[in-house]
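Below are the chains, spelled out letter by letter.
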Amino acid sequence: MPWNLSRATLALVIVMRLGAVGSFASAQTVPSRVTAGNATQPKPIVAPVAALPLPPGNPVRDPRPAATNGDPLLGMQLIPGQALVPIDLAGALRLAGARDLDIAIARQHVLSAIAQLQQARALWLPSLFFGPTWYRLDGQVQAIDGHVMTVSRNSLFIGGLAASPNSYPAAPPGSGYPPLTGMSSVLRISDAIFEPRAAHRAAAARQADVQTEINNAVLDAAESYFDLLLASGTLSIEREAAANAQMLSEITATYARSGAGLEADHQRILTELGRRRANVEYDVGQLEVASANLVNLLVLDPNQVLAPVEPAESVVRLLPDETPLDEFIVQGLHQRPELASAQELVNATLLRLKQARLRPLIPSLAFSYAGGGFGGGQNAFFGNFGGRGDATVSLFWELQNLGFTDRAIARRSQAEREAAALRLVKVENQVAADVTTAYKSRLASARRMEQAAPAVTRGLESLRLNMVNIRRGAGLPAATRPIEVLQPIQALAQARLDYLNAVLGYNRAQFQLYRAIGLAPIDASPPGPGSAPACRPIPTHP
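Residues numbered from 1 in each chain as written. Predicted model: local features only at pLDDT ≥ 70, side-chain atom pairs only at ≥ 80, totals over all residues. Heavy atoms only, no water.

A. Spatial organisation of the overall build of the protein. Secondary structure summary: the protein contains 8 helices and 10 strands in total. Of all 542 residues assigned to the protein, the portion counted as buried reaches 45%. At a minimum sequence separation of 6, the contacts of the protein that also span at least 24 residues come to 81%. Split by element, the accessible area of the protein, about 26700 Å² in all, is 58% carbon and sulfur. (Helix = DSSP H or I, 4+ residues; strand = E, 2+ residues; numbered from the N terminus. Buried < 20%, exposed > 50% of the residue type's maximum accessible area, 1.4 Å probe, protein only. Contact = heavy atoms within 4.5 Å. Areas by Shrake-Rupley, 256 points an atom, 1.4 Å probe, with all protein chains shown as cover.)

B. Up close: empty space enclosed by the protein. Counted under the stated rule, the structure contains 4 cavities of 30 Å³ or more. Along the walls of the second largest cavity sit Arg188, Arg359, Pro360, Ile362, Ser364, Phe396, Trp397, Glu398 and Asp406, which together make up its complete lining. Looking at the lining of the second largest cavity residue by residue, the classes come out as 4 nonpolar, 1 polar and 4 charged. (1 Å grid on protein atoms, 1.4 Å probe; cavity = no way out; pocket = protein on both sides within 12 Å on 5 of 7 lines; lining within 4 Å. Points joined across faces, edges and corners; volume = space filled by probe spheres on them. Nonpolar A, V, L, I, M, F, W, Y, C, P; charged D, E, K, R; others polar.)

C. Representation of the environment of arginine 359. Within the secondary structure, arginine 359 is located in the loop between helix H6 (337-358) and strand E9 (364-378). Sequence-distant contacts of arginine 359, defined by excluding residues within four places in its chain, comprise Arg188, Ser190, Asp191, Gln400, Asp406 and Ile409.

D. Region of the structure containing the packing of H6 against helix H7 (residues 404-470). Where H6 contacts H7, the axes come no closer than 8 Å and their chain directions differ by 165°. On the basis of the axis angle, H6 is roughly antiparallel to H7. In this structure, the crossing between H6 and H7 has a hand that is left-handed. Between H6 and H7, the residues in contact are Glu338, Leu339, Ala342, Gln343, Leu345, Val346, Thr349, Leu350, Arg352, Leu353, Ala356 and Arg357 and Ile409, Ala410, Ser413, Gln414, Glu416, Arg417, Ala420, Ala421, Leu424, Val427, Glu428 and Val431, respectively. Tallied by class, residues from the contact of H6 with H7 come to 14 nonpolar, 4 polar and 6 charged. (Axes fitted to C-alpha atoms, helices over the stretch in contact; angles between N-to-C directions. Parallel < 35°, antiparallel > 145°, perpendicular 65-115°, else oblique. Left-handed = near helix turned anticlockwise from the far one by under 90°.)

E. Spatial organisation of the pattern of salt bridges. Applying the stated criterion across every chain yields a total of 19 salt bridges. The residue aspartate 406 makes a salt bridge to arginine 359 at a minimum N-O spacing of 3.8 Å. Taken as a pair, aspartate 406 in helix H7 and arginine 359 in the loop between H6 and E9 lie far apart in primary sequence, 47 residues in all. In terms of burial, aspartate 406 and arginine 359 fall into one category: buried. Linking glutamate 461 and arginine 464 is a salt bridge whose minimum nitrogen-to-oxygen distance equals 2.6 Å. Of this pair, glutamate 461 and arginine 464 both sit in helix H7, 3 residues apart, which is roughly one turn of that helix. Bridged by salt links that share partners, the residues Glu238, Glu272, Arg275 and Arg276 form one connected network. (Salt bridge = Lys/Arg side-chain N within 4 Å of Asp/Glu carboxyl O.)

F. Looking closely at the nonpolar core. Residues Phe226, Leu298, Val435 and Phe511 are the most contacted members of the largest nonpolar core, which totals 82 residues. Residues contacting phenylalanine 226, with those up to four places away along its chain left out, are Leu89, Val316, Leu504, Asn507, Arg508 and Phe511. (Core = buried A, V, L, I, M, F, W, Y, C linked by side-chain atoms within 4.5 Å.)

G. Region of interest: the packing of aromatic side chains. With the rule as written, the count across this model stands at 2 aromatic pairs. Seen from their ring centres, phenylalanine 328 and tyrosine 439 are 6.0 Å apart, and the 55° between their planes marks the pair as tilted. Here phenylalanine 328, found in helix H5 (residues 325-335), pairs with tyrosine 439, found in helix H7; they are 111 residues apart in sequence, far enough to count as distant. (Phe/Tyr/Trp six-rings, centres within 6.5 Å; stacked < 30°, edge-to-face > 60°.)

H. View of H5. When H5 is considered as a whole, its buried residues turn out to be Leu325, Phe328, Ile329 and Gly332. Buried residues along H5 cover an arc of 100° about the axis, so they all sit on one side. Among the exposed residues of H5, those pointing more than 90 degrees away from its buried face are Asp326 and His334. At its buried positions, H5 is contacted by H6, H7 and helix H8 (482-516). (Arc of directions from axis to C-beta.)

I. Structural context of the pairing of strand E7 (residues 305-308). Residue alternation in E7 divides its side chains into two sets, Val305 and Ala307 and Leu306 and Pro308, and both sets are buried. Bridging between strand E2 (residues 84-87) and E7 involves 4 bridges; their strand directions are parallel. Counterpart to leucine 84 in the pairing with E7 is valine 305. (Pairing = 2+ DSSP bridges.)

J. Here's a closer look at unusual backbone geometry. The backbone of valine 299 shows a phi angle near 55°, a positive value even though the residue is not glycine. Within the secondary structure, valine 299 sits in the loop between helix H4 (263-298) and E7. Within the chain, asparagine 401 stands out as a residue other than glycine whose phi angle is a positive 50°.

K. Molecular detail of the confidence of the model for the protein. Summarising the model, the protein shows a mean pLDDT of 74, and 71% of its residues fall at 70 or more. When pLDDT is averaged over each helix and strand of the protein, the minimum, 31, is found for strand E1 (residues 13-15) and the maximum, 94, for H5. In this model residues 523-532 is a low-confidence stretch, pLDDT under 50, and it forms 20 contacts with partners more than four residues away in sequence or in other chains. Counting interchain partners and residues more than four positions distant, the pLDDT-below-50 stretch residues 534-542 has 18 contacts. (pLDDT = per-residue confidence, 0-100.)

In structure tokens:
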């Protein structure tokens, strides 16, 4: 696979634990493309890895998961009739950073915040209006000297208006001012000063939110991929156990037919074989479910089934185990984008609080200028057209509703600022809790791996010795009874499953800790052509 993890952050080191424990997940050959009716054998993309080597001269057949022992169920295709597409951990992480829908939504929120910032920065600029205004008056009007007269007149104004952005009602009709828009305007200087600064902080918070979504998407993809590895590894374990049970059933059947063994022992082994076959079918379904979840998360073609490339028991190391918890907490408090976003929102609410407190103290400016052609006459007559220009400028201080509204706005801004500060404290506590939880989980999983690894080795050796003994023949001295072989088969399967869960628990904790300290182990750039499974397009518009 051509995908690589981010070189700018921390390299992903995958350590294969094969020496002491053996590999059981990759023994199942994964075809690059398998469809119903293929006449040729599928081309493996991962070479089978042998289990723990057995001593020389061992008469026991190899109990690897790929062994079928003549059982058609164990040699069947993984998902009959469906295409298998290989995917590795690095590819899943890269696709998550490039195609996650939550990241795309967060980026649109950033664009919206930037647009609001641009709108706030334009508060100093006037608005322009163009168009005609027709005015008609019939009835009583009062002249300047106080006399009331009956008039019938009309006028037409054709031109434009430049006015400050915010609006309040214009002068009433009949005053002589051409009401081109019906409104005049006012510029609140306090808004023009503080709104752009607050909008800038809000946009910075949205940008931090994008990084938060990237980190969350990478963690979700990693955990979903580990679910796929768990399903693949569990299926491999069950196939190995079924192969071992099949092998034991053949031995007990031979002994039962010859009279050297009991039919009851043979039936007991057949019961175990049936249970293991049922588990294989169940685990195939679990693999399909895990694949569907990962396909949905990565926005891929829903008709394909993903097959993991790495062995299921591969150990992922992102962070050194010897780093103390306190150091990780400090890193989280400095690097988590959620904290950066919360801090920017606190700064934005602080600016709006200053804006509200200074609102009554900073004057506002109302200005407008209308220019164009104006003409009219009595009754329906239009004439005497000529140029006309009207300008108004006003500087004033305002106590809104005798200052009570201004005081209420300041109190609301103060409450919003306190709420933002409390949310910041809450995020800080959550960061420390996330780091501590992931750290403790990783520590516990590491100890569990140390305990589970020798159990697999002992389980293999126990199965080997018991198979050697039962092949010596029933009724002979030191011969092993079938029940004594069945128990090692079950114990080996459980030991492998315990180790698999320990490894995947450790891997999950590594990614959780990596995300908890504010890092994402991938570059969010999209993969190159042909380097990823088929994808569904992400819609960019309705």
